[in-house]
Amino acid sequence: MLRPFDIFTTAVLNLVDPYTATDAAPQPRVWPYLRANLKPLQPVLALSLLFTVITASIEVWLISYAGQIIDMLADTDPQDIWQQHGWNLLGASVVILALRPLSQCVRLAMNDIGLQCNIANLFRWRAHQHLTQQSVGWFQDDLTGRTSTRLVEIGNHASNVIFHVLNALAFGLVYMIGIVTLMAGTDARLALPLFIWLALYVGLVSTIVPRMVRAQETFQSAKSALFGTVVDSFSNFDTVKLFARSEAISDDHLVGLEKTRQSLFKTRQLAVALRTTILFLEGLIMVGFVGYGIWLWSTGVATIGLIGSAVALTLRITTMADWIIEALWSIFLNIGSMREALKSVAQPLAIPPKTDAPHLAVNGGAIDIQNLKHRYGADQGGLEGINLTIRAGEKIGVVGASGAGKSTLVNLILRFFEAETGRILIDGQSIQDVDQDSLRAAIGMVSQQASLLNRSVRENIALGREDVTQAEIEAAAQKAKAHDFICGLTDKNGRTGYEAHVGERGVKLSGGQRQRIALARVILKNAPILILDEATSALDSEVEADIQAALNDVMRNKTVIAIAHRLSTIAQMDRIVVLQNGRIVEEGTHTKLLAQNGLYASFWQHQSGGFLGTEAME
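Computed from a predicted structure; not experimentally measured. Along each chain, residue indices are assigned from 1 in the same order as the chain's sequence is written. Whole-chain, interface and lining totals are the exception, using all residues; otherwise, since this is a predicted model, local features are given only for residues with pLDDT of at least 70 and side-chain atom pairs are given and counted only at 80 or more. Computation of side-chain values: all heavy atoms of the structure, hydrogens and water removed.

Visitor: Any chance you could explain the overall build of the chain here in plain terms?
Guide: Here a helix means four or more residues in a row that DSSP labels H or I, a strand means two or more in a row labelled E, and each is numbered from the N terminus. Within the chain one finds 21 helices and ten strands. Per-residue burial for the chain yields a buried fraction of 47% across its 618 residues. Areas reported as accessible are Shrake-Rupley estimates using a 1.4 Å probe. Residue values count occlusion only from the protein chains shown. Total accessible area on the chain stands at roughly 30,800 Å², and carbon and sulfur atoms take up 57% of it. The buried label goes to any residue with under 20% of its type's maximum accessible area, the exposed label to any with over 50%, and the partly exposed label to all in between, with areas taken from a 1.4 Å probe on protein chains only.

Next comes the structure, spelled out in C-alpha cells:
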C-alpha cells in the first residue's frame, strides 16, 4: 500500500545531493551566502515554487467557487440544479477530491522532504569543509564550543529561512495576487481596501523587521558565548573543581544566563508589539473589506455570492496575515542568527591552500630553517629570526626555558601558523608551496598533551589510516607498551579492548595510557620526520625505560626533533639546540655543551630527578 508513496518520497529526497563540495569561500553576508549555496537545491526549489502557485491558485478558486455556488443556488430552480449545473459541480468535485490533495502532497513533499531533509546538511557540510581548512592557530583564538554551535546551527537557520520563504511568502504572494484578481474581476473598487491594508502591513513590517534582526543577532551572540563557556568549563571540569569555588562557578554561569535573558527579552518585546499591531490591522481589513462589499451590494454592484466570497476571503486573509507574520518573524530571527554564525563560518582561511600545490616529496627529511621569525602579532615572544639546518636522518634535541620558542618552532614546521618572516624547507621544498595535508602526512608527532578523540582505541591508533589491519594496529600498540592495558579496558557500554571508547579527550585513561596510545599512533604512521614534544613526560620511570627503547627503534632512519625538559631523554641526540628568548644561543652535542659551561650546563646542574629546575625556567 505504501510502496508507491515510499518510492515517490525517496525520489524527492534524492533530488538533492547535500554533500556537494564547493571551492568558493563562504560569503560573509546572509543573502549572498544563501544564494551561493542554492545550486544543488534548484530542482526542488523550482518544483516547490511551481506547486506553490498551483496550490495557492486552487485555494483562491475554491473560495471564489463557494461564492459562485451561492449565486447558482439563488438563481436556479431546485429541480433544475443538476440538469443545468451537474457537470460543473462534478468538475469542482474532481478538483477538490483529487487535484487539490495531489498538488498539496507534491508541494509538501518538496518542502518537507526535498528541502528540509537536505538544506541543513548542505550548509553544515560546506561550512565544515571550510572550517577544517582553517589553521590550528585560528581555532586557538576562539571557544571551540561557540564555533561548533555556529557550525551546527547555521544549517538550521538556512533551512528555516528558505523553508519559510517558500512556504509562507511565496504562497501568500500568490494568494494575495489571486484575491486581487478575483475582486478586481468584478469591480476594481473591491480591491481598494486590500491595497490599503497591504500598504499598512508592509510599512509596519519594514519598520520593525530591521530592529528584530539586530536584536536576534545580539541574542544569538550571547547564547553562543554561553554555550562556549559551558563547554569550556565542562571539558576542563577537573581543573575548575580544583581551583574554583562552587559559588564562583555558579556566579559566572549566572552572568551568562542573565545576558542571554536580557537579549531574548528585547526580541520578544518587539514580537509582542508587532503581533498586537497586526491584530489591529486584521480588524481593519475585516471591517473595511466586508463593510465595503456590503455597500457595493446595496448599490447593486456586487452579488450576494461575491459578498459571501468576500467574507470568506477576509477571514482567510486574517489567518494568512498571522501565518505570514510568523514566517517573517522566523525568517528574520534566523537571518539575525545567521549573521552571528557567519562570524565564524565565513572567516577567510588564515592559511589558504594553494591551488594545485604539489605534494611534498620526502627523500631524506632534511629541514632547512631560514631567518624564521614569528611573534603571534605581539611585541615579544615566539622566535626572533633563527637559522637552523637539520640534516636528513639527524636527531636533534631542543631545550630552553618556558617561552623560549620551542613550541613556536614546532607549530611553524607543522604550518599550524604562517611564519611572519623567513621560510622552512624540507628536502629543498618550501612548506608554503606544497599541499598542507602532504606536509603533515610526512611528520609524526607525540606531544606532552596526548590528544585522543572520543572514539574506540582502535580508531584513535588508526586515525587517518583506512588501509591498516588489526594486526598492524596491535603491533604498533605492543611497541608502545600499550597492548596489555588496552586488552583490559571496558567502557560503560560494555565494549572491551581495542573497541572500548576512551571518553572526551581520552579522559577515561591515565596520562601515561593516553601518551602510549598516541605513541602507538605515531609508530603506525611511520612518517619520515618525527617530532617528540615531551613524549615521555607522563610516564613512570619503569614504563619510560621501555618506551625510550621503543622510541630509539622508531627514530632509526628518521629525522627527529625532540623537545624535553628531562634532559636525560635527549642527551644521546646527534645535536642539541638551546633556545633563549626566541634565539639559538648554544648548539652542539651534550658533551660539548657541558664543556662550554653555558646555559645548557646550568640547566643540567639545576635538574631535579632529570627535569629542568624552576630556577632555570625563570
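Don't stop here, the text continues.
Visitor: How should I be thinking about the side chain of Gln515 in this particular structure?
Guide: Relative to the elements of secondary structure, Gln515 occurs in helix α17 (residues 511–525). For Gln515, a relative accessible area of 2% gives the class buried.

Visitor: Can you walk me through the packing of helix α1 (residues 3–13) against helix α4 (residues 81–115) in this structure?
Guide: Helix-helix packing is characterised by the crossing angle of the two axes and by the distance between the axes. Fitted lines through C-alpha atoms serve as axes, helices being fitted only where they are in contact, and the angles separating the N-to-C directions of these axes extend from 0 to 180 degrees. Where α1 contacts α4, the two axes come as close as 9 Å, and the packing angle between them is 50°. If you check the angle between α1 and α4, you find them oblique. As for how α1 packs across α4, the hand of that crossing is right-handed. Taking contact as the criterion, the partners of Phe8, Thr9, Val12 and Leu13 in α1 are, on α4, Cys105, Val106, Ala109, Met110, Ile113 and Gly114. Three classes are used, and their members are as follows: Ala, Val, Leu, Ile, Met, Phe, Trp, Tyr, Cys and Pro are nonpolar, Asp, Glu, Lys and Arg are charged, and the others, Gly among them, are polar. Here the residues of the contact of α1 with α4 are counted per class, giving eight nonpolar, two polar and no charged. Small angles under 35 degrees read as roughly parallel and large ones over 145 as roughly antiparallel, with 65 to 115 read as roughly perpendicular and the rest as oblique. Rotating anticlockwise by less than a right angle from the far helix to the near helix defines a left-handed crossing, while the corresponding clockwise rotation defines a right-handed one. We call two residues in contact whenever any of their non-hydrogen atoms come within 4.5 Å of each other.

Visitor: Is there a simple way to think about the sheet that holds strand β3 (residues 395–400) in this case?
Guide: Remark on secondary structure: sheet strands pair via backbone hydrogen bonds, oriented parallel or antiparallel. Across the sheet, six strands lie side by side as β6-β7-β8-β3-β9-β10; this open sheet has mixed pairing. The open sheet is flanked by β6 (443–446) and β10 (583–588), the only strands paired with a single partner. Looking at each pair of strands side by side, their axes are set apart by 20° on average, direction ignored. Two strands qualify as a pair provided that DSSP identifies no fewer than 2 bridges between them. Direction of pairing for β3 relative to strand β9 (residues 575–580): parallel, over a ladder of five bridges. Among the inter-strand pairings, Gly400 is bridged to a residue of β9, identified as Leu579.

Visitor: Would you take a moment to explain the sheet that holds strand β5 (residues 429–430) for this structure?
Guide: The sheet built from four strands is open, its strands ordered β2-β1-β4-β5 with antiparallel pairing. A strand with exactly one partner marks an edge of an open sheet, and here the two such strands are β2 (383–390) and β5. Summarising the sheet, strand β4 (residues 421–426) and β5 pair through two bridges and their orientation is antiparallel. Opposite Ile426, over in β5, you have Gln429 as the bridge partner. Contacts from helix α12 (residues 406–413) reach β1 (367–374), β2 and β4, with the element oriented near 120° to β1.

Visitor: So what exactly am I meant to see when it comes to the pattern of salt bridges here?
Guide: Should their charged atoms come close, side chains of opposite charge can pair. Any carboxyl oxygen of Asp or Glu that lies within 4 Å of a side-chain nitrogen of Lys or Arg is treated as forming a salt bridge with it. Here the structure, examined in full by the defined rule, presents 13 salt bridges. Residue Glu394 pairs with Arg391 through a salt bridge whose shortest N-O separation is 3.3 Å. A salt bridge links Arg415 to Glu418; the nearest nitrogen and oxygen atoms lie 2.7 Å apart.

Visitor: What am I meant to see in the pairing of β3 here?
Guide: Strand residues, when the strand is regular, have side chains that alternate between the two faces of the sheet. Judged by how many residues are buried, β3 sits mostly within the fold: six of six residues are covered. Residues Lys395, Gly397 and Val399 of β3 are buried on one face, and the alternating residues Ile396, Val398 and Gly400, pointing to the opposite face, are buried as well.

Visitor: Just to check I follow, could you spell out the nonpolar core for this structure?
Guide: If you look at soluble globular proteins, the nonpolar side chains tend to sit buried side by side. Grouping buried Ala, Val, Leu, Ile, Met, Phe, Trp, Tyr and Cys residues that are joined through side-chain atoms within 4.5 Å yields what is termed a nonpolar core. Counting 65 residues, the largest nonpolar core has Trp197 and Tyr201 as the members making the most contacts within it. Listed by contribution, the elements that provide at least two residues to this core are α2 (30–36), α3 (42–75), α4, α5 (119–131), α7 (144–186), α8 (192–235), α10 (246–298) and α11 (304–345). When residues of this core are assigned to their parent elements, the largest contribution, 15 residues, is made by α11. In this structure, Tyr201 is in contact with Ile278, Leu281, Ala321, Ile324 and Ile325, ignoring residues within four places of it in sequence. Membership of the second largest hydrophobic core comes to 42 residues, among which are Ile486, Leu489, Val502 and Met555.

Visitor: Help me understand the layout of surface pockets in this model?
Guide: If a probe as big as a water molecule is rolled over the atoms, it shows which places are left empty. A 1.4 Å probe that fits but cannot get out identifies a cavity on a 1 Å grid over protein atoms alone, an open set with protein on both sides within 12 Å along at least five of seven lines counts as a pocket, and a residue lines either if it has an atom within 4 Å of a point. Grid points are joined across faces, edges and corners, and a volume is the space filled by probe spheres set on the points. Taken as a whole, the second largest pocket holds about 510 Å³ of empty space. If you trace the second largest pocket, you find 21 residues lining it, with Thr22, Asp23, Ala24, Ala25 and Gln133 closest to the centre. Contributions of two or more residues to the lining of the second largest pocket are made by α2 and α5. The biggest single contributor to the lining of the second largest pocket is α5, with four residues.

Visitor: What should I look at first to understand unusual backbone geometry in this one?
Guide: Glycine aside, a negative phi is what most residues show, and trans is what most peptide bonds show. Located in the positive-phi region is Arg415, a residue other than glycine, with phi close to 60°. As for its placement among the helices and strands, Arg415 is situated in the loop between α12 and β4. Given the relative accessible area of 5%, Arg415 is considered buried. Positioned with a positive phi, Lys481 is a non-glycine residue whose angle comes to about 60°. Taking relative accessible area as the criterion, Lys481 reaches 39% and is therefore assigned partly exposed.

Visitor: What is the right way to look at empty space enclosed by the protein in this model?
Guide: Counting across every chain of the model gives two cavities of 30 Å³ or more. Counted as a void, the second largest cavity has a volume near 60 Å³. As for the second largest cavity, its lining consists of Leu372, Leu412, Arg415, Phe417, Glu418, Ala419, Gly422, Arg423, Ile424, Ile431 and Gln432. For the lining of the second largest cavity, the residue count by class is six nonpolar, two polar and three charged.

Visitor: What exactly am I supposed to notice about a nonpolar patch on the surface here?
Guide: A cluster of nonpolar residues, Leu192, Ile196, Leu200, Phe280 and Leu284, forms a patch on the protein surface that exposes about 480 Å² of accessible area. Secondary-structure elements contributing two or more residues to the nonpolar patch are α8 and α10. No other element matches the three residues that α8 contributes to the nonpolar patch. One can find Ile196 in helix α8. Every patch collects residues that have over 30% relative accessible area and no salt bridge, joining them within 9 Å if they carry like charges and within 5 Å if they are nonpolar side chains (Val, Leu, Ile, Met, Phe, Trp, Tyr).

Visitor: Honestly, α17 in this entry has me stumped. Any pointers?
Guide: In an α-helix, one full turn covers 3.6 residues, which means residues spaced three or four apart are oriented alike. Helix span is expected to be 1.5 Å times the residue number reduced by one. Counted at 1.5 Å a residue, the expected span for α17 with its 15 residues is 21 Å, and the 21 Å between its end C-alpha atoms agrees. For α17, the buried fraction is high: twelve of the 15 residues fall into the buried class. For α17, the set of buried residues is Gly512, Gln513, Gln515, Arg516, Ile517, Ala518, Leu519, Ala520, Arg521, Val522, Ile523 and Leu524. Of the residues one or two after α17, Asn526 is the one with positive phi, at around 55°.

Visitor: Explain the environment of Leu281 here, please?
Guide: Among the secondary structure elements, Leu281 is positioned in helix α10. When the C-alpha atoms of Leu281 and Leu204 are compared, they prove to be 9.9 Å apart, with 77 residues separating the residues in sequence. Sequence-distant contacts of Leu281, that is, excluding residues within four places in its chain, are made with Trp197, Leu200, Tyr201 and Leu204.

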